[in-house]
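Residue strings, one per chain:
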Amino acid sequence: MRRQPVDAALLVAFMRALAQSARGRGALSIAIIIGGAMVESIGLILLIPVLQLLTDREGLVSLWFAEWRRESLLLLLLAAFLLAMTARAFLLYARDRLLWRVENDFVDGQRAQLMQGLASARWASLASVRHAEIQSVLSTEMIRLATAVRLFVQIGVAALLVLVQGGLAVYVAPVLAGTLLATAAAAGFAFSGLQRAGALGHDLARTGLNQMQAMGSLLSGLKAALAQNLQYRFLREFRDTLSEARDNRRRFSERQARLRLVFGIGSAACACLVVAGGALVLEMPTPALILLVLICARLAGPVLNLQQAMQQFAYYLPSFAAVEALEVQMEAPAAGAVEAQRILPGAVELRAVRRLHGEGAGLAGVDLVINPSERIAVTGASGAGKTTMLDVLAGLTAPDRGAVVVGGATLDVAALPAWRDSVAYVVQEPYLFRDSVRANVTADAPCDDAAIWSVLELVGVDTLVRRLEGGIDTLIGEGGAVLSGGERQRLALARAILRRPRLLMLDEATNALDLPSERRLLQHLFALDPSPAVLMVTHRRENLDLFDRVLEMREGRLLPLG
Ligand SMILES: Nc1ncnc2c1ncn2[C@@H]1O[C@H](COP(=O)(O)OP(=O)(O)OP(=O)(O)O)[C@@H](O)[C@H]1O
C-alpha cells in the first residue's frame, strides 16, 4: 500500500518506535523542557516589579516590601532573576545532553535492527532487494532519519515553550494575547503546507535511491567503460539523478524561504497590533504592555522554529518509511520461535525438489543423493539451474515442492543453523574481509599457525604468503584487492576447507585457476582425511575424470552426463 505524503500511520509508527527507544529518557526530557520554560516564565514575571520600580510605579512587590529601600529591592529582584535564569541554563544543559542520547540511541538502534534483519533474512528476500536500496537506507536515509528525530524533538521543545509562554502572555493580557495566539495558530495551520513538504520528502528518498544506484553502476562499471570510452553514459545517468535531487531540494528550500517571508511580515504586524491594541484600545499600564511585548518577542523565535521544524520534519519523515519498508522486505524469521535441532550423519538428498523463479526458470524436479565423501561434478548450460540447486542445498532458498533430507531427516528451519555449521559454500567471486590472511582463512575461529600454513599449502598459496612482508598477518585490502582473482579463490577455498565441512559446495569456485592448478588443487582436496563430500558446479570438462560421478543440469532437471 502506497503511503500518503504525511501519513498519520507513519507518524504514529515513528513516535512509537522513538518512545520505545527513549523509554524513561523521553518523559524526563519533557519534564526538563517544561521545567525550563516555567523557570524562564518566572524570570520574565520578575521583570514586572523591576519595571515598576524603574518607572516609579506602585506594585504588589513594593507594597509587600514597603520598608525596603528601592535600590535594595531592585537588587533583590535582579538576584532572583539571575537565579531563575541560571536554573534555566542548567536545565537546558541537562536537556541537550539527554536529547542527544535519545536521538543517537534511536538512530543507532534502527541501524542495528536493520543490520540484524539483513544478517538473519531469508536469502530469497535479500536477493530481491537492490543493493543500492540497502546502501541508501543505511547511509543517506539514516542520516535523514537522525535529522527527523532532532526536528521532532525541536518541535516538541518549541511547542512546549510556545504553550508555556503563550499561557503567560494570556495571563498578562487575556483578551489581546488570546486573540493574537488564536489568529497565529489559524494562520499557521492554513499555510502549513505539510502535505506538500511530505510529498517532496518522498520524492527525495526516491531520487536518493536512484543516485546510489547510479553511483554503484559508475564504480562497478568504470574499468570496462574507461577501456571502451563509454564512461560518458554512466556520467550522464549520474548527472541526471544529481539534477533531480537538486531540483527537489531547491523547491523545498524555496517553500521554507516563502514561509519565513510571510512570518517576518506577519510577526511585525502582530507587534503593531499588540502595541496599538494594548495602548490605545485596552489602555494597559506601561509595565504590563512592555512585558507583553517582551513575551511576544521571545515567542517569535519558538513560533518560527515550530513552523520551520514542522515543514522539515514532514520532509524528512519519509526516511522512516524507507527504513520500515526495507525491514518488512527482510521478512526475518521470528527469533527463538523454533528450537534448534541437531543434524544426523548420513547422506544428503534432494527429493523431487522444485524451485521455480518464475517463467519456468530454476529447478523443475531434482533428485540427488550425495553420500559421505562422495565427489560429484555438475555441469550444464548457463541458466540451467545449477546455482539454484546449491542455494537450496545450503538452505538459502526453500524448495517450492520436495525436500532436502540430511541423514534421513527433512531439513527445516530448526535444523538450518546446525546444517550451515556443517557445510561450506564457495562461489566464483568469493567475499574476503578487509583483514589479514589469517583472519580471512580462519574467519576468526581459533586455529594454530601450523594448521593455517597446512591449508595454505593445500590450496597452493603458501609460497605467495611466505613472500609477503607480514606473512599470514599481512592485510589483503578491500575484498582482497591486492590479490589476483585466482589467489582470492584459493583463499576462499582454504577458509572452506578449514571449517572441516561434511559437504563442500563449489560454484565455479576454481574457474580463475589454470587447468593444471585446478587439477592439483582438486587432487589435494580429494586426498584430505577425513574427506568431505564435494559437489562442484563447473563449465570445464577437462578435470571431470577426478570425480566419482558427473551429472548435467538440463532445464532444471539433473541427468547423467550424456
Ligand atoms: N532470484 C532470482 N529471481 C528470478 N530469477 C532467477 C533468480 N535466480 C536465478 N534466476 C533464474 O533462474 C535460472 C537459473 O539460474 P541459476 O543461477 O540457477 O543458473 P546456473 O545454471 O547456475 O547458471 P550459470 O551457469 O550461468 O551460473 C536463470 O534463468 C536465472 O535467470
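Residues numbered from 1 in each chain as written. Predicted model: local features only at pLDDT ≥ 70, side-chain atom pairs only at ≥ 80, totals over all residues. Heavy atoms only, no water.

Trainee: What is the right way to look at the sheet that holds strand 3 (residues 375-380) in this model?
Mentor: Strands belonging to one sheet form pairs held by backbone hydrogen bonds; the direction of such a pair is parallel or antiparallel. Strand order in the open sheet formed by six strands is 6-7-8-3-9-10, and the pairing between neighbours is mixed. A strand with exactly one partner marks an edge of an open sheet, and here the two such strands are strand 6 (423-426) and strand 10 (557-560). Pairwise comparison of adjacent strand axes, ignoring direction, gives a mean angle of 20° for this sheet. Pairing analysis gives four bridges linking strand 6 to strand 7 (residues 503-507), with the strands arranged parallel. When the sheet's bridge partners are listed, Tyr425 is paired in strand 7 with Met505. Sitting on the sheet, helix 17 (residues 485-498) is in contact with strand 6 and strand 7, with an inclination near 175° to strand 6. Along the sheet, helix 18 (residues 515-526) contacts strand 3, strand 7 and strand 8 (533-537); its crossing angle with strand 8, the most-contacted strand, is approximately 155°. (Pairing = 2+ DSSP bridges. Helix = DSSP H or I, 4+ residues; strand = E, 2+ residues; numbered from the N terminus. Axes fitted to C-alpha atoms, helices over the stretch in contact; angles between N-to-C directions. Contact = heavy atoms within 4.5 Å.)

Trainee: Got a minute to help me understand a nonpolar patch on the surface in this structure?
Mentor: Together, Val175, Leu280, Val281 and Leu282 make up a nonpolar patch on the protein surface, roughly 430 Å² of accessible area in all. Residue placement: Val281 occurs in helix 9 (residues 231-281). (Patch = residues over 30% accessible without salt bridge, like charges linked within 9 Å, V, L, I, M, F, W, Y side chains within 5 Å. Areas by Shrake-Rupley, 256 points an atom, 1.4 Å probe, with all protein chains shown as cover. Salt bridge = Lys/Arg side-chain N within 4 Å of Asp/Glu carboxyl O.)

Trainee: What is the right way to read the pairing of strand 8 from this model?
Mentor: Each regular strand carries side chains that alternate between the two faces of the sheet. The element strand 8 is extensively covered by neighbouring structure, given that five of its five residues are classed as buried. Of the two faces of strand 8, the one lined by Ala533, Leu535 and Val537 and the one lined by Val534 and Met536 are each fully buried. Judged from the four bridges that link them, strand 3 and strand 8 form a sheet pairing that is parallel. Paired with Ala377 across the strands is Met536, a residue of strand 8. Strand direction decides the pairing type here: strand 7 and strand 8, joined by five bridges, are parallel. Its bridge partner lying in strand 8, Leu504 is registered against Val534. What joins strand 7 to strand 8 is helix 18, and the crossover it makes is right-handed. (Buried < 20%, exposed > 50% of the residue type's maximum accessible area, 1.4 Å probe, protein only. Right-handed = clockwise from strand over helix to strand, strands pointing away.)

Trainee: Would you take a moment to explain the side chain of Ser319 for this structure?
Mentor: Structurally, the position occupied by Ser319 is in helix 11 (residues 318-330). Given the relative accessible area of 0%, Ser319 is considered buried.

Trainee: Any chance you could explain the nonpolar core here in plain terms?
Mentor: When a protein is soluble and globular, its nonpolar side chains tend to lie buried together. Counting residues in hydrophobic clusters, the biggest one holds 41 residues, and the most contacted among them are Phe14, Phe106, Leu145, Phe313, Phe320, Leu326 and Met330. Elements with a minimum of two residues in this core: helix 1 (8-22), helix 4 (70-120), helix 6 (131-172), helix 8 (194-227), helix 10 (286-316) and helix 11. Ranked by residues supplied to this core, first place goes to helix 6 with 10 residues. If you look at the next biggest cluster of nonpolar residues, it comprises 37 residues, including Ala377, Val441, Leu491 and Leu506. (Core = buried A, V, L, I, M, F, W, Y, C linked by side-chain atoms within 4.5 Å.)

Trainee: How should the sheet that holds strand 4 (residues 401-406) be read in this particular structure?
Mentor: Reading across the sheet, the four strands line up as 2-1-4-5 and stay open at both edges, with antiparallel pairing between neighbours. Whereas interior strands pair on both sides, the edge strands pair on one side only; in this sheet they are strand 2 (361-370) and strand 5 (409-410). Where strand 1 (residues 348-358) and strand 4 come together, five bridges link them in antiparallel fashion. Considered in strand 4, the bridge of Leu350 is made with Val404. Lying on the sheet, helix 12 (residues 386-393) is in contact with strand 1, strand 2 and strand 4; it crosses strand 1 at an angle near 120°.

These results come straight from atomic positions and should not be treated as a statement about function.
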